[in-house]
Amino acid sequence: MNSAPATFEVDPAASSTSAQPPSVVRSHVFGQSAAGWRIGQPLEVHVVPGRAGYLISDPVFNVFGEGRTYPEAEGDFVASLIDYYLLMAHSDEPATQAIVRHLETYVHRDQ
């Protein structure tokens, strides 16, 4: 799972003025697959363009991905979401298992 990117800088051209937050595009990740996994239903994500590429995050699980291109960032996001699921799935804590069940509505192993 990713930690906060140390070098990600928001592109000032992505906002109308430097005093305003950067443009955030709402989109959905759906059907993307990675290493035997796929996103089985649309998951809202926020896409932020930066000087070095894109940052994609979701407001549900607070997972992110980054990349020089949108497809790279999307792939990194999907891999991070899968890593988060795998990490959480090993816990026996009831609250964590509730998160795992919610993740399972989005993340599926390919058959």
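Here the structure is shown first, and the text comes after it.
Everything in this summary refers to the structure shown in the same document. Being a predicted model, the structure only gives us computed values, none of them experimental.

Counting secondary structure elements, the chain contains 2 helices and 7 strands. Along the chain, helices (α) and strands (β) appear in the sequence β-β-β-β-β-β-α-α-β when read from the amino end. For the chain, the residues scored as buried account for 33% of the 111 residues in total. Considering only residue pairs separated by 6 or more positions, the chain has 42% of its internal contacts joining residues 24 or more positions apart.

Let us look at the pattern of salt bridges. Pairing of side chains with opposite charge becomes possible as their charged atoms draw close. Applying the stated criterion across every chain yields a total of 1 salt bridge. Residue Asp110 is joined to Arg38 by a salt bridge in which the shortest nitrogen-to-oxygen separation is 4.0 Å. In this pair, Asp110 sits in the segment after strand 7 (107-109) while Arg38 sits in strand 3 (residues 37-39), placing the two residues 72 residues apart along the sequence. For Arg38, a relative accessible area of 34% translates into the label partly exposed.

Moving on to the sheet that holds strand 2 (residues 33-34). If you trace the 3 strands from one edge of the open sheet to the other, you get 2-3-7, paired in antiparallel fashion. The open sheet terminates on both sides in strands that have one partner only, identified here as strand 2 and strand 7. Bridging between strand 3 and strand 7 involves 3 bridges; their strand directions are antiparallel. Note that in strand 7 the partner of Arg38 across the bridge is His108. The strands touched by helix 1 (residues 70-89) are strand 2, strand 3 and strand 7; relative to strand 3, the strand with the most contacts, the crossing angle is about 110°.

Note on soluble globular proteins: their nonpolar side chains tend to be buried together. In this structure, Phe61, Phe77, Leu81 and Val107 are the most contacted members of the largest nonpolar core, which totals 21 residues. Of all the secondary-structure elements, those providing two or more residues to this core are strand 3, strand 4 (43-50), helix 1 and helix 2 (94-103). Of all the elements, helix 1 adds the most residues to this core, at 8 residues. Filtering out sequence-adjacent residues up to four positions away, Phe77 remains in contact with Val29, Leu43, Val45, Ile56, Ser57, Asp58, Val63, Phe64 and Gly65.

Right, let's get into the environment of Arg51. With respect to the helices and strands, Arg51 occurs in the loop between strand 4 and strand 5 (53-57). Exposure remark for Arg51: the relative accessible area of 55% places this residue in the exposed category. Placed 17 residues apart in sequence, Arg51 and Arg68 show a C-alpha to C-alpha distance of 8.9 Å.

Next up on the list: the side chain of Asp58. Topologically, Asp58 is positioned in the loop between strand 5 and strand 6 (64-67). Engagement of the side chain of Asp58 in a polar contact is seen with the backbone nitrogen of Phe61, the distance being 2.5 Å. Not counting the four nearest positions on each side in its chain, Asp58 is found in contact with Leu43, Glu44, Val45, Val63 and Phe77.

Conventions adopted
- Residues numbered from 1 in each chain as written.
- Predicted model: local features only at pLDDT ≥ 70, side-chain atom pairs only at ≥ 80, totals over all residues.
- Heavy atoms only, no water.
- Helix = DSSP H or I, 4+ residues; strand = E, 2+ residues; numbered from the N terminus.
- Buried < 20%, exposed > 50% of the residue type's maximum accessible area, 1.4 Å probe, protein only.
- Contact = heavy atoms within 4.5 Å.
- Salt bridge = Lys/Arg side-chain N within 4 Å of Asp/Glu carboxyl O.
- Pairing = 2+ DSSP bridges.
- Axes fitted to C-alpha atoms, helices over the stretch in contact; angles between N-to-C directions.
- Core = buried A, V, L, I, M, F, W, Y, C linked by side-chain atoms within 4.5 Å.
- Polar contact = N/O pair within 3.5 Å; in protein donor to acceptor, adjacent residues only side chain to side chain.

In short, the description is geometric, and any link to function would need to be established separately.
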